[in-house]
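Spelled out, the chains give:
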Amino acid sequence: MRILFIRHGHPNYEKNCLTELGHLHAAAAALRLQDEGISEIYSSPFGRAVETAEHTAKLLGLDVKILDFMHEIIWGEPGKEPYKTGHPWTIAEEMVKNGDDLLRPDWRENTPLRDNLLIEHCAWLDAQLDQWLATVGYTREGNCYRVGKGTDRTIAIFSHGGSSTSAIAHMMNLTIPFVTYVLQPDYTSVMELTLSDEEGTLTYPRFGLLHDAKHIRHLQVDTVFGN
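S.K.: Would you explain the pattern of salt bridges in this entry?
M.R.: If charged atoms from side chains of opposite charge come close, those side chains can pair. The tally for this structure, following the rule as stated, stands at 10 salt bridges. The partner of Arg2 in a salt bridge is Glu192, and the shortest N-O contact between them spans 3.2 Å. One end of the pair, Arg2, is in strand β1 (residues 2–7); the other, Glu192, is in strand β9 (residues 190–194), with 190 residues separating them in the sequence. Accessibility expressed as a relative area gives 10% for Glu192, which makes it buried. Where Asp106 meets Arg104, a salt bridge forms, and the shortest distance between an N and an O atom there is 2.7 Å. Overlapping salt bridges bring together Arg2, Arg32, Glu36, Glu192, Asp212 and Lys214 as one network.

Laid out in C-alpha cells, this is it:
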C-alpha cells in the first residue's frame, strides 16, 4: 500500500476554509495527483482540508471520506487556551539550538514538551490511527504491522502539517520533536509512506516521497508553518 499524506492549501484559519490562493494550490495538487492511482480519498474534518481534498476527488470521480482523528493536533500549556502557548515546532527548533537530542526515547518526560497538551493528543491520535490502519489491512504488532488482505492500493489523506507528521512519527516509531522539526510540509505538499502488500508478513513503513510541492512553486508566497 501507498499512503499519501497531503497538507491543505493556503488557509483562512479564522474561517477554517481555503483562500483563493489555497484553491489554486488545491487545483494544482489535484493535477499532480491524478496519475498516482489513488483509489480512496480521506480527509480531516476541518474545512480547509476537506476543500483541498474535494479538488482531487472531483478530478478522479471519488468521494471524500472523513477521518475525524486527522484534524489538526492540539498543543499548548495545560490550563491555557490551546494553540496560544507551547508551539511544538518552535520548541523543537529551540531544542536543536540547545544541542538537545531530538531522538531521545524519553522525550515525553525530559524535554520542554513534557507538560504540553500535544503529548495526550498524539497518544489519542496514535490509537485512532492504528484502529483505522487495521481496517485497511495493517494490524499493529509491536513496532511493525501485520499485512492483511487487499492492501495493493494507493490511499490519499488530506490533513494538516501537525496531524500528518504525528501520524508518520507513530507509524515509523520516531519522536515527535524529531519529526516536527524535519517534516514541515508546505501547502499541498505530498509525502508518501509505502508498506508491503505481502499478506501475512510483518512490514515497516518506508518513505517513498517527502515534501513534494513542486506543483505550487509558481504560486508560492512566503509563509510561516502553521496548522
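That shown, we press on.
S.K.: Before we go on, may I ask you to explain the layout of surface pockets in this structure?
M.R.: Over the atoms rolls a probe the size of a water molecule, and its path tells where empty space is left. Computed from the structure, the largest pocket encloses a volume of approximately 220 Å³. Every residue lining the largest pocket is counted, 14 residues in all, and those nearest its centre are Trp107, Arg108, Asp126, Leu174 and Ile176. Broken down by secondary-structure element, the contributors of at least two residues to the lining of the largest pocket are α4 (117–135) and α5 (161–171). The biggest single contributor to the lining of the largest pocket is α4, with five residues. Grouping the constituent residues of the lining of the largest pocket by class yields eight nonpolar, four polar and two charged.

S.K.: What is the right way to look at the pairing of strand β4 (residues 38–43) in this model?
M.R.: Walk down a regular strand and you will see the side chains alternate between the two sheet faces. Of all six residues in β4, five are buried, a share of seventy percent or more. Note: β4 against strand β8 (residues 154–159), five bridges, orientation parallel. Bridging across to β8, Glu40 finds its partner in Ile155. Note on the crossover from β4 through helix α2 (residues 47–60) to strand β5 (residues 64–66): the handedness is right-handed.

Definitions and cut-offs
- Residues numbered from 1 in each chain as written.
- Predicted model: local features only at pLDDT ≥ 70, side-chain atom pairs only at ≥ 80, totals over all residues.
- Heavy atoms only, no water.
- Salt bridge = Lys/Arg side-chain N within 4 Å of Asp/Glu carboxyl O.
- Helix = DSSP H or I, 4+ residues; strand = E, 2+ residues; numbered from the N terminus.
- Buried < 20%, exposed > 50% of the residue type's maximum accessible area, 1.4 Å probe, protein only.
- 1 Å grid on protein atoms, 1.4 Å probe; cavity = no way out; pocket = protein on both sides within 12 Å on 5 of 7 lines; lining within 4 Å.
- Points joined across faces, edges and corners; volume = space filled by probe spheres on them.
- Nonpolar A, V, L, I, M, F, W, Y, C, P; charged D, E, K, R; others polar.
- Pairing = 2+ DSSP bridges.
- Right-handed = clockwise from strand over helix to strand, strands pointing away.

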